[in-house]
Amino acid sequence: MRLPGERRWQQVLEDLKGRNLLRRLRRRGPASGARAVVEGQEAWILCSNDYLGLSTHPDVIQAMIDATRRFGAGTGAARLISGNTSLHEEVEEKIARFKGTEAALFFTSGYHANVGTIQALAGEGDAIFSDELNHASIIDGCRLSRARTFVYRHRDMNHLEDLLRREGSRARTRLVVTDTVFSMDGDVAPLEDIVRLAEQYDAVVMVDEAHATGLFGEHGRGMCEEKGISDKIPVQMGTCGKALGVFGAYVAGSSELVNFLINRARSFIFTTAPPPGICFAVIKALEIVEREKWRRERVQALASRLRTLLKSKGLNTLNSETQIVPVVIGSENSTLAISRALLKMGFFVQGIRPPTVPPGTSRLRVTVRADLPDGIIEDFCCALEKAIGSTWSPTGEQP
Ligand SMILES: *Cc1c(COP(=O)(O)O)cnc(C)c1O
């Protein structure tokens, strides 16, 4: 017997499958550096955001164990109830020092941080200006906020200015929000121009450094440091589950901002405090980022080599300037086939399809990491060429 809803869910799944849009979990075994067994096949992981290889770093793992022994596995309540430990405060002090800000607030995830912060900063009567390729958690934050949201064309400053001029004046607060490194294209937001427009139109700027924290800037603080404009951006969000290899996220800025969020960000207030083990592991990961500059330098060197090789083979890597290197294929079907063929050759790369990316731009999203040995980039590019060749069919679309 079918329970209410089940028939419809089945229909939706069949429809997605028919359009090559069904998503399915692929299982991987424990990672040993950049290698793991994926669906029975040993492979190089070229689609993780563990860019610096810190998720398996012995000091980070040991920190999680030590803190868990001392404080327990879980916190038992929200931060504002009885969940706030000394390690939550320590990780926030560490993040603020790392970012060079007055204060920071630790969140359960980047998704929580974006949804809660945007919804706290903007409400009815306010206007949000958001890049069209911003992360889904920013989009959801805009929706939850009930502010009027204006989406500007990707990195298009004329469009942003036009919207600020036409729509901004009626709003009580104007909030411009952008990824600094875009998660599916690997390109970079024009932060200097955004800051200039924000000054001109009296707007608050919020940046999402999910793919930049630990990777850019003299001290690894992110793209705002790289561009020398950190002190002009009042709301700086970033994640701890990507380059830092652990979990959680932060919003860094003034103590007014942090106290405001403690009182207003619903995704902070109404959720159980993150485990202390996570806080301590993030502290260790930040120490490694500060100490071991070679990790981010290696990531950028490998990414640059990868982009050059792919371009020399005539492949489209969009405007990537970072460790995220898309290879645009076009059709969903070819993208999936190439991803499958690559796994057979020992390279794990996910195909990314709509609605994560616009229709007709399905792609492989290749990411590099500091712990890849020399030569792997070259081997991967050869494998990719073979995979594209072997999946080409005269009736199908040529990738
Ligand atoms: C991954 C990501 C997030 C969400 O962070 P989580 O910690 O994974 O929830 C937010 N913004 C961007 C740009 C991201 O890539």
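Here's a quick rundown of the structure. Within each chain, residues carry numbers counting from 1 in the order of the written sequence. Thresholds applied to this predicted model are a pLDDT of at least 70 for local features of residues and 80 or more for the giving and counting of side-chain atom pairs; totals over whole chains, interfaces and linings are not thresholded and use all residues. Water and hydrogen atoms play no part in the side-chain values, which are based on all heavy atoms of the structure.

This next bit is on the overall build of the chain. The secondary structure listing takes helices from DSSP runs of H or I that are at least 4 residues long and strands from runs of E that are at least 2 residues long, numbered from the N terminus. Counting its secondary structure elements, the chain contains 15 helices and 13 strands. It is over C-alpha atoms that the radius of gyration is taken, and the globule rule equals 2.2 Å times the number of residues to the power 0.38. What you see for the chain is a C-alpha radius of gyration of 22 Å, in line with the 21 Å of a compact globule of 399 residues. Taking the principal axes of its C-alpha atoms as reference, the chain extends roughly 60 × 60 × 55 Å. Each of the 399 residues in the chain was classed as buried or not, and the buried ones make up 55%. Taking contacts inside the chain between residues at least 6 apart in sequence as the whole, the part at least 24 apart equals 70%. Charged side chains in the chain number 51 positive and 48 negative. The centres of these two groups are separated by 6 Å. Burial classes: relative accessible area under 20% of the type maximum marks a residue as buried, over 50% as exposed, and values in between as partly exposed (1.4 Å probe, protein chains only). Residue contacts are defined here by distance: any two heavy atoms, one from each residue, within 4.5 Å place the two residues in contact. Neither His nor the chain ends is counted toward charge; the positive residues are Lys and Arg and the negative residues Asp and Glu. Positions of charges follow a simple convention, taking NZ of Lys, CZ of Arg, CG of Asp or CD of Glu.

Attention now goes to the sheet that holds strand 2 (residues 41-45). A sheet is described by the order of its strands in space; here 3 strands give the open sequence 1-2-11, paired in mixed fashion. On the outer flanks of this sheet lie strand 1 (35-38) and strand 11 (347-348), each paired with one strand and no other. Strands are labelled as partners when DSSP assigns at least two bridges between them. Note: strand 2 against strand 11, 2 bridges, orientation parallel. Looking at strand 11, one finds that Ile 45 is bridged to Phe 348.

On to the nonpolar core, then. Remark: nonpolar core denotes a set of buried residues (Ala, Val, Leu, Ile, Met, Phe, Trp, Tyr, Cys) joined through side-chain atoms within 4.5 Å. Counting 90 residues, the largest nonpolar core has Leu 342, Phe 380 and Leu 384 as its most contacted members. Broken down by element, the residue count for this core peaks at 10 residues, all from helix 12 (residues 276-291). Core analysis: the next-biggest nonpolar cluster, separate from the first, contains 25 residues, Phe 107, Met 206, Val 251 and Phe 268 among them.

Further remarks concern helix 14 (residues 332-344). What a helix should span is 1.5 Å times the count of its residues minus one. Helix length check: helix 14, at 13 residues, gives a terminal C-alpha distance of 19 Å against a target of 18 Å (1.5 Å per residue), a fit within 8%. All of the buried residues along helix 14 are Glu 332, Ser 334, Thr 335, Ile 338, Ser 339, Ala 341, Leu 342 and Leu 343.

Attention shifts here to unusual backbone geometry. The amide bond that connects Pro 354 to the next residue, Pro 355, takes the cis arrangement and shows omega of 5°. Structurally, Pro 355 is set in the loop between strand 12 (351-352) and strand 13 (362-367). Phi is positive for Asn 20, which is not a glycine, with a value near 60°. The topology assignment puts Asn 20 in the loop between helix 1 (6-18) and strand 1. Of the residues examined, Asn 20 reaches a relative accessible area of 28% and is grouped as partly exposed. Even without a glycine there, the phi angle at Arg 155 is positive, about 60°. Among the structural elements, Arg 155 can be located in the loop between strand 5 (148-152) and helix 7 (157-167). By relative accessible area, which is 27% here, Arg 155 ends up partly exposed.

We now examine the environment of Cys 142. Mapped onto the secondary structure, Cys 142 falls in helix 6 (residues 136-145). The exposure class of Cys 142 is buried, given its relative accessible area of 4%. Between the C-alpha atoms of Cys 142 and Gly 123, which are 19 residues apart in sequence, the distance is 9.0 Å. For Cys 142, the contacting residues outside a window of four places in its chain are Ile 118, Ile 128, Ser 130, Ala 147 and Thr 149.

With that settled, the discussion passes to the pairing of strand 3 (residues 103-107). Buried residues dominate strand 3, accounting for 5 of its 5 residues. Every second residue of strand 3 is oriented toward a common face, with Ala 103, Leu 105 and Phe 107 on one face and Ala 104 and Phe 106 on the other, all of them buried.

Stacked, tilted and edge-to-face pairs are distinguished by plane angle, under 30 degrees for stacked and over 60 for edge-to-face with tilted covering the rest, among Phe, Tyr and Trp rings (Trp via its six-membered ring) whose centres lie within 6.5 Å. Within this structure, the stated rule accounts for 3 aromatic pairs. Judged by centre distance (5.9 Å) and plane angle (70°), the rings of Phe 107 and Phe 268 are edge-to-face. Placement of Phe 107 in strand 3 and of Phe 268 in helix 11 (residues 266-269) is noted, with a sequence separation of 161 residues between them. Accessibility expressed as a relative area gives 6% for Phe 268, which makes it buried. Ring geometry for Phe 347 and Phe 380: centres 5.5 Å apart, planes at 65°, overall edge-to-face. Remark: Phe 380 occurs in helix 15 (residues 376-391) and Phe 347 occurs in strand 11; sequence separation between them is 33 residues. For the residue pair Phe 347 and Phe 380, the accessibility class agrees, reading buried in each case. Put simply, a charge is over a ring when the Lys NZ or the Arg CZ is close to the ring centre, within 6 Å, and near the line of the ring normal, within 35 degrees. Cation over ring: Arg 35 sits above Trp 44, and NZ or CZ is 4.5 Å from the ring centre.

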